[in-house]
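Spelled out, the chains give:
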Amino acid sequence: MNKLKHLLALFSLILFSNFLWAQLPYIEDFSGEIGKGVLGGPVTYDTSSVGWVIDVSLATLSATDDYFKVNSSSQFESKDVDAEVVWYSSLVDISSVSHVDLSVDVSHTGSMASTEYIKVYYKLDGGVETEFPIFGDNSSDFANRTAQAKYLSGSTAQIVIRTYNNAGTKTHVFDNVSIIEGTYVYPTTNDIVISEYARHTNSSYGYLEIYNTTSSDIDLATSKTVSYTHLRAHET
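Criteria and cut-off values
- Residues numbered from 1 in each chain as written.
- Predicted model: local features only at pLDDT ≥ 70, side-chain atom pairs only at ≥ 80, totals over all residues.
- Heavy atoms only, no water.
- Helix = DSSP H or I, 4+ residues; strand = E, 2+ residues; numbered from the N terminus.
- Buried < 20%, exposed > 50% of the residue type's maximum accessible area, 1.4 Å probe, protein only.
- Contact = heavy atoms within 4.5 Å.
- Areas by Shrake-Rupley, 256 points an atom, 1.4 Å probe, with all protein chains shown as cover.
- pLDDT = per-residue confidence, 0-100.
- Pairing = 2+ DSSP bridges.
- Core = buried A, V, L, I, M, F, W, Y, C linked by side-chain atoms within 4.5 Å.
- Salt bridge = Lys/Arg side-chain N within 4 Å of Asp/Glu carboxyl O.
- Phe/Tyr/Trp six-rings, centres within 6.5 Å; stacked < 30°, edge-to-face > 60°.

Visitor: Can you break down the overall build of the chain residue by residue, with the values?
Guide: If you tally the helices and strands in the chain, you get 1 helix and 18 strands. Out of the 236 residues in the chain, the part that is buried amounts to 39%. Contacts in the chain between residues at least 24 apart in sequence constitute 72% of all its contacts with a sequence separation of at least 6. Put simply, the chain shows about 12,900 Å² of open surface, and 51% of that area lies on carbon and sulfur atoms.

Visitor: Residue-level account of the confidence of the model for the chain, with values.
Guide: A low pLDDT score tells you not to read the predicted coordinates there in detail. Residues with a pLDDT of 70 or more make up 70% of the chain, whose mean pLDDT is 83. Every residue in residues 1-16 scores below 50 in pLDDT, and together they form 25 contacts with partners more than four places removed in sequence or on other chains. Contacts for the low-pLDDT stretch residues 226-236, under 50 throughout, to residues beyond four places or in other chains number 15 contacts.

Visitor: Any chance you could break down unusual backbone geometry for me, citing the residues and the numbers?
Guide: For residues other than glycine, phi is negative in most cases, and the peptide bonds are mostly trans. The step from Leu-24 to Pro-25 runs through a cis peptide bond, and the omega angle for that step is -10 degrees. In this structure, Pro-25 sits in the loop between strand E1 (21-23) and strand E2 (26-28). For the bond from Gly-41 to Pro-42, the omega torsion is -10 degrees, close enough to zero to count as cis. Positionally, Pro-42 belongs in the loop between strand E3 (37-39) and strand E4 (44-46). Even without being glycine, Ser-74 reaches a positive phi, approximately 60 degrees. One can find Ser-74 in the loop between strand E6 (67-70) and strand E7 (76-79). The phi angle at Tyr-151 is positive, at roughly 55 degrees, despite the residue not being glycine. Counting through the fold element by element, Tyr-151 comes out in strand E14 (residues 145-152).

Visitor: Can you tell me about the pairing of strand E10 (residues 100-109), naming the residues and giving the values?
Guide: Among the 10 residues in E10, 7 count as buried, and that is most of the element. As paired elements, E10 and strand E16 (residues 171-181) share 9 bridges and run antiparallel to each other. When the sheet's bridge partners are listed, Thr-109 is paired in E16 with Thr-171.

Visitor: Give me the lowdown on the environment of Gly-127, citing residues and values where you can.
Guide: Inspection of the secondary structure puts Gly-127 in the loop between strand E11 (117-124) and strand E12 (130-131). Judged by relative accessible area, which is 32%, Gly-127 ranks as partly exposed. Residues Gly-127 and Gln-158, spaced 31 residues apart in sequence, show a C-alpha to C-alpha distance of 9.8 Å.

Visitor: Explain the nonpolar core to me, and be specific about the residues and the numbers.
Guide: One finds Trp-87 and Phe-174 to be the most contacted residues of the largest nonpolar core, which totals 37 residues. Val-53, Val-86, Tyr-121 and Val-160 belong to the second largest nonpolar core, which has 5 residues in total.

Visitor: Help me get a handle on the pattern of salt bridges, residues and values and all.
Guide: All chains considered together, the criterion is met by 5 salt bridges. A salt bridge links Glu-129 to Arg-162, with the shortest nitrogen-to-oxygen separation between them at 2.9 Å. In this pair, Glu-129 is assigned in the loop between E11 and E12 and Arg-162 in strand E15 (residues 156-164), connecting sequence segments 33 residues apart. According to the relative accessible area criterion, Glu-129 is partly exposed, its value standing at 28%. Linked by salt bridges that have partners in common, Glu-84, Glu-129 and Arg-162 make up one network.

Visitor: Could you give an account of the packing of aromatic side chains, with specific residues and numbers?
Guide: Scanning the model with the defined rule gives 10 aromatic pairs in all. A centroid spacing of 6.0 Å and a plane angle of 70 degrees characterise the contact between Phe-30 and Phe-174, whose relative ring orientation is edge-to-face. Linking Phe-30 in the loop between E2 and E3 with Phe-174 in strand E16, this pair joins segments that are 144 residues apart in sequence. Across this residue pair, the class does not change: Phe-30 and Phe-174 are buried. Between the aromatic rings of Trp-87 and Phe-174, the centroid separation amounts to 5.5 Å while the plane-to-plane angle is 65 degrees, which identifies the pairing as edge-to-face. Highlighted residues: Trp-87 in strand E8 (residues 85-88) and Phe-174 in strand E16, separated in sequence by 87 residues. An identical accessibility class is assigned to Trp-87 and Phe-174; each is buried. In this structure an aromatic cluster arises from ring pairing among Phe-30, Trp-52, Phe-68, Phe-76, Trp-87 and Phe-174.

Right, dumping it as structure tokens:
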């Protein structure tokens with residue numbers, strides 16, 4: 001077992017020094033990559049001709065049906081890994097655009113314990129991992145969803161996905177890993193913009209900041225909302 005751990009760690013170290021570069025739009029749907037990844041009992045790798053990197057240095061992968069790989073539906077799947085495993089996207093050059101939007105489809109099969117999870121992060125310019133603000137932390141059971149991080153800027157962006165489960169009856173699945181130019185809608189000179197909203201988790205009272213881009217005073221007491229533009233998403 002110690003020899004296996006050593007080999008997995010060495011393999012991961014080699015991979016980390018060879019992140020591939022990609023251009024916008026970056027969309028990884030794992031087409032044509034069925035079986036790529038790592039399979040257990042004994043551990044075998046196949047990551048040839050792919051644009052992503054995996055780290056399974058902490059995993060056990062003792063059985064032949066333990067794996068962290070692309071499944072037959074061309075989705076990346078984690079099964080009975082017994083410790084955290086990690087998937088890294090290519091490094092994407094985002095310097096040519098003002099901002100980008102990131103998204104990942106996540107799901108699971110089986111009944112997950114509260115300690116089992118799939119978590120989605122991003123890195124800008126090689127910095128620290130930051131959890132996606134929308135559905136970045138998916139612990140226990142959850143409905144199929146799309147993790148999102150919007151209006152990000154920098155020179156490079158990378159998506160990191162961490163997952164842990166510990167039984168052969170459970171899997172975590174992710175697909176459609178995307179980094180694309182953002183679709184931010186800039187306000188015009190006749191718009192009223194909600195620039196900030198905050199509410200305490202234990203209170204029904206909140207704080208709303210409204211910015212008036214017009215040249216006139218507006219009486220909010222006699223106004224009503226007719227339409228709105230969702231500028232930045234921070235809800236979970």
